[in-house]
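# Structural overview for review
So you can see what is in the structure, the chains are spelled out below.
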Amino acid sequence: MSRTAAIRITMPLALLLATSPLFAATVNVQVGGAGFNFSPQHVVIIEGDSVQWTNMGGFHNVRSDDCASALVPGLGCTFRCANGCDGQGGNGAPSSAAWQATVAFATPGVVGYHCQQHGSPGSSMFGTVTVLGIVLVDGFEDETPDAWTATVP
Ligand SMILES: [Cu+2]
């Protein structure tokens, strides 16, 4: 495949992936159940993706580590969720209900979290969400503009 043909196919796809919410993914994490842990404990997503936690059994919640230093517990931090999330009409206090909570991550970085009942930042019942940023690289300055208007057969 010629370089120009590769550009015709891959660049519009890359733009579509970067701009369309249809391609945002949701990663599932199981909470508790047989043990006091998160499974998988560490997840990697792309900015705009979400993590959905599901309580498999037990008295748990998910609270971002930055809440531990928030002036008002549960507020002024990234998230605290169980039966919904604090600040979004829900209640993030630990609960034994069969709750599900979903958080979207828009900013690249590493967010540590834990269960308030069985963990603390970085120990016991804790996990991390690593959010990767999308970087679009323009390395095709030498291509002529008409390559962009061609129709892919
Ligand atoms: Cu717990």
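This text follows the structure it describes.
Worth saying up front: this structure is predicted, and the values here are computed from it rather than measured.

Glancing now at the overall build of the protein chain. On a plain count of helices and strands, the protein chain comes out with one helix and ten strands. Ordered by position in the sequence, the α and β elements of the protein chain form the string α-β-β-β-β-β-β-β-β-β-β. Long-range pairs, those at least 24 residues apart, make up 55% of the contacts in the protein chain between residues at least 6 apart in sequence.

Here we take up the sheet that holds strand S8 (residues 100-104). Strands sit in the order S2-S1-S4-S8 across an open sheet of four strands; the sheet is mixed. Edge strands, defined here as strands with exactly one partner in the open sheet, are strand S2 (38-39) and S8. Sheet topology note: the strand S4 (residues 50-57)/S8 ladder contains five bridges and is antiparallel. Counted as the bridge partner of serine 50 is alanine 104 from S8.

Across two bridges, strand S5 (residues 62-64) lies against strand S9 (residues 109-120) in antiparallel orientation. Directly across from serine 64, in S9, lies its bridge partner tyrosine 113. Connecting S9 to the antiparallel partner strand S10 (residues 123-132) that follows it, the hairpin turn spans two residues, and glycine 122 within it adopts a positive phi of roughly 80°.

The next thing to look at is the nonpolar core. Counting 16 residues, the largest nonpolar core has Trp53, Val62, Cys81 and Ala101 as its most contacted members. Among the elements of the structure, S4, strand S6 (80-82), S9 and S10 are those that each provide at least two residues to this core. For this core, the element with the most residues is S10, which contributes three residues. Those residues in contact with valine 62, other than ones at most four positions away along the chain, are Val31, Trp53, Cys81, Ala101, Tyr113 and Cys115.

With that settled, consider the sheet that holds S5. Pairing is mixed in the open sheet, where six strands are placed in the order S3-S10-S9-S5-S6-S7. Single-partner strands in this sheet number two, and they are strand S3 (42-46) and strand S7 (84-85). Of the strand pairs in this sheet, S6 and S7 are connected by two bridges, and their pairing is antiparallel. Looking at the pairing, cysteine 81 lines up with cysteine 85 of S7.

Moving on to the environment of glutamine 52. One can find glutamine 52 in strand S4. A residue is classified by how many C-beta atoms lie within 10 Å of it, and glutamine 52, with 12 of them, is exposed. Sequence-wise, glutamine 52 and glutamine 30 are 22 residues apart; in three dimensions their C-alpha atoms are separated by 8.5 Å.

Take the pairing of strand S1 (residues 26-32) next. The side chains of a regular strand alternate, residue by residue, between the two faces of the sheet. Of the strand pairs in this sheet, S1 and S4 are connected by seven bridges, and their pairing is parallel. Considered in S4, the bridge of valine 29 is made with tryptophan 53. Bridge count between S1 and S2: two bridges; the pairing is antiparallel. In the strand pairing of S2, valine 31 is matched with phenylalanine 38. Here S1 hands over to S2 after five residues, with glycine 33 in that stretch at a positive phi of 95°.

Conventions and cut-offs
- Residues numbered from 1 in each chain as written.
- Predicted model: local features only at pLDDT ≥ 70, side-chain atom pairs only at ≥ 80, totals over all residues.
- Helix = DSSP H or I, 4+ residues; strand = E, 2+ residues; numbered from the N terminus.
- Contact = placed C-beta atoms within 7 Å.
- Pairing = 2+ DSSP bridges.
- Core = buried A, V, L, I, M, F, W, Y, C linked by C-beta atoms within 7 Å.
- Buried ≥ 20, exposed ≤ 12 C-beta atoms within 10 Å, placed from the backbone.

Geometry only, nothing functional implied.
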